[in-house]
Amino acid sequence: MVCRCLPRLICRPATSASCHFRRPGPGSLPRGSRLLSDFACSKAPFGTRRWSCYRGRVDHGVPLLQLRTLSSVPSPGATPGLYERFADSAVVHFTEDVLTSVQQTTGLPWWATIVCTTVALRTAVTLPLGAYQSLIIAKVEALQPEIAELAKQLHYEVSVRAQQRGWAQKEARFHFKKTLRRIVAELYVRDNCHPFKASLLIWVQLPMWLIVSFALRNLSLGTSDTGAAVHEALGTGGALWFPDLTLPDTTWLMPVSLGLLNLLIIEIFASRKLEPTKFQTWVTHFMRGISLAMIPVAATVPSSMSLYWLTSSTVGLLHNLMLRSPTMRRLCHIPRSRNDSDTPYRDLWGALRAKLPR
């Protein structure tokens, strides 16, 4: 049986609670090399078929560096948390196999495999959903004049009814809001444009982002089913200032670029709201804080994850800009709204410049 968490070490049955180790091939360790009794080699939790060795100490000079991936492995008998269960889920392991298969099939270095796979996923999955989101938003905006006219008419009718039945102002307001919500809901059903459908993109994009991130984490830390071979390939599969994809980006170039790129995306979305509500303003501030918080997080994870996050945000920004093009909107059959412009990029640049400090 092979210990997945100890690269290039083979675990053999031994007496008591210890395990004997040997390196395969030439240069084997002495036969007496073993894990002491405070190491236990046991089957990994949650019903997987992988084998794990839990943290302790090694005699005869076995390097503890090879045990750095064991920090996330729970102790025997411990109940796995949500983080561990998700990292060891079937969908994450399936994504690991997909990434490994793509790299082996194409023969690309790992950094190019991550970039190309991210572009393919975002283009095949999130771009159509982004176009659908723009379609729903355009339909909702087109309904606003009709909703405003109906609201005025309803307000007059409720005022007359309140005088006839002696309603108080609070009761009249309650009936007005209740009836208006019903009318608006009927309009959304009529035009098939309920605003909740515009959130479909985030409900697909966020789980996909988490799944790929955890898959890259497992591959980078050597805790995946693929074993040490992929871990070693990622160690030399980087480029430029990040040659080792299993280590964090010590230059902070990718983390800082990621934070700035996410801030730019948020400002582009915020520029579409001419008169945002208090809730929309609060959400915008919250997302700005999340973007800044991602910078130190990206500086502590393996470079493979930072590269994926940076590529995903870059592709997302390009898709947002594409969907602002009048030509692209016509191809996607997105109806023209009153907020559309014939020069969207010039207007966007002007809106961003207005927010810059002078």
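Residues numbered from 1 in each chain as written. Predicted model: local features only at pLDDT ≥ 70, side-chain atom pairs only at ≥ 80, totals over all residues. Heavy atoms only, no water.

In the nomenclature of an unreviewed UniProt entry, the chain is known as COX18 protein of Polypterus senegalus. Its UniProt record gives the chain a comment under Sequence similarities (unreviewed entry), which states: "Belongs to the OXA1/ALB3/YidC family." Taken verbatim from the UniProt record of the chain, the Subcellular location (unreviewed entry) comment is "Membrane". (UniProt positions renumbered as here; feature names shortened; annotations may be inferred.)

A few words now on the overall build of the chain. Check the secondary structure of the chain and you find eleven helices and five strands. Classification of the 358 residues of the chain by burial places 42% in the buried group. Taken as a whole, the chain presents about 20,600 Å² of accessible surface, with 64% of it coming from carbon and sulfur. (Helix = DSSP H or I, 4+ residues; strand = E, 2+ residues; numbered from the N terminus. Buried < 20%, exposed > 50% of the residue type's maximum accessible area, 1.4 Å probe, protein only. Areas by Shrake-Rupley, 256 points an atom, 1.4 Å probe, with all protein chains shown as cover.)

Here the focus is the packing of helix 7 (residues 253-270) against helix 9 (residues 303-322). The N-to-C vectors of helix 7 and helix 9 enclose an angle of 25°; their axes lie 9 Å apart at closest approach. It follows that helix 7 is roughly parallel to helix 9 by the angle criterion. Our pair here, helix 7 against helix 9, has a crossing hand that is left-handed. Across the interface between the two elements, Met254, Ser257, Leu258, Leu261, Asn262, Leu264, Ile265, Ile268 and Phe269 of helix 7 pack against Ser303, Ser306, Leu307, Trp309, Leu310, Ser313, Thr314, Leu317, Asn320 and Leu321 of helix 9. Here the contact of helix 7 with helix 9 is built from residues that sort into twelve nonpolar, seven polar and no charged. (Axes fitted to C-alpha atoms, helices over the stretch in contact; angles between N-to-C directions. Parallel < 35°, antiparallel > 145°, perpendicular 65-115°, else oblique. Left-handed = near helix turned anticlockwise from the far one by under 90°. Contact = heavy atoms within 4.5 Å. Nonpolar A, V, L, I, M, F, W, Y, C, P; charged D, E, K, R; others polar.)

Let us look at the packing of aromatic side chains. Going through the model one piece at a time under the given rule, you end up with three aromatic pairs. Between the aromatic rings of Trp209 and Trp309, the centroid separation amounts to 5.1 Å while the plane-to-plane angle is 25°, which identifies the pairing as stacked. Separated by 100 residues along the polypeptide, Trp209 in helix 5 (residues 200-221) and Trp309 in helix 9 bring together distant segments of the chain. Judged by relative accessible area, which is 23%, Trp209 ranks as partly exposed. Residue classification places Trp309 among the buried residues on the basis of a relative accessible area of 5%. Between the aromatic rings of Trp241 and Phe242, the centroid separation amounts to 5.1 Å while the plane-to-plane angle is 75°, which identifies the pairing as edge-to-face. Of the residues examined, Phe242 reaches a relative accessible area of 7% and is grouped as buried. (Phe/Tyr/Trp six-rings, centres within 6.5 Å; stacked < 30°, edge-to-face > 60°.)

So, about the side chain of Ser304. With respect to the element layout, Ser304 can be found in helix 9. With residues near it in sequence (within four places) discarded, Ser304 still touches Ile114, Leu216, Ser220 and Leu245.

Turning to helix 8 (residues 278-298), a few remarks are in order. Taking 1.5 Å as the rise per residue, helix 8 with 21 residues should run 30 Å; its terminal C-alpha atoms sit 30 Å apart, in good agreement. Every buried residue of helix 8 is accounted for by Thr284, Ser291, Met294, Ile295 and Ala298. Down the axis of helix 8, the buried set is contained in an arc of 110°. They therefore lie on one face. Of the exposed residues in helix 8, the ones pointing more than 90 degrees away from its buried face are Lys278, Phe279 and Trp282. Along its buried surface, helix 8 packs onto helix 5, helix 7 and helix 9. (Expected span 1.5 Å × (residues − 1). Arc of directions from axis to C-beta.)

Moving on, we come to the UniProt feature "transmembrane region" (unreviewed entry) in the chain. Here, UniProt's "transmembrane region" (unreviewed entry) annotation points to residues 198-216, 252-270 and 282-301. Taken end to end, residues 198-216 comprises 89% helix and 0% strand; its first and last C-alpha atoms sit 29 Å apart. The distance separating the terminal C-alpha atoms of residues 252-270 is 27 Å; by composition the span is 95% helix and 0% strand.

With that settled, the discussion passes to the environment of Lys177. Its place among the elements puts Lys177 in helix 4 (residues 169-191). Taking relative accessible area as the criterion, Lys177 reaches 46% and is therefore assigned partly exposed. Between the C-alpha atoms of Lys177 and His155, which are 22 residues apart in sequence, the distance is 9.5 Å.

Put simply, the second largest pocket is a space of about 500 Å³. Arg324, Asn339, Asp340, Ser341 and Pro344 are, among the 20 residues lining the second largest pocket, the residues nearest its centre. Within the residue set of the lining of the second largest pocket, elements represented by two or more residues are helix 3 (110-165), helix 10 (326-331) and helix 11 (344-355). With four residues, helix 11 is the largest single contributor of residues to the lining of the second largest pocket. (1 Å grid on protein atoms, 1.4 Å probe; cavity = no way out; pocket = protein on both sides within 12 Å on 5 of 7 lines; lining within 4 Å. Points joined across faces, edges and corners; volume = space filled by probe spheres on them.)

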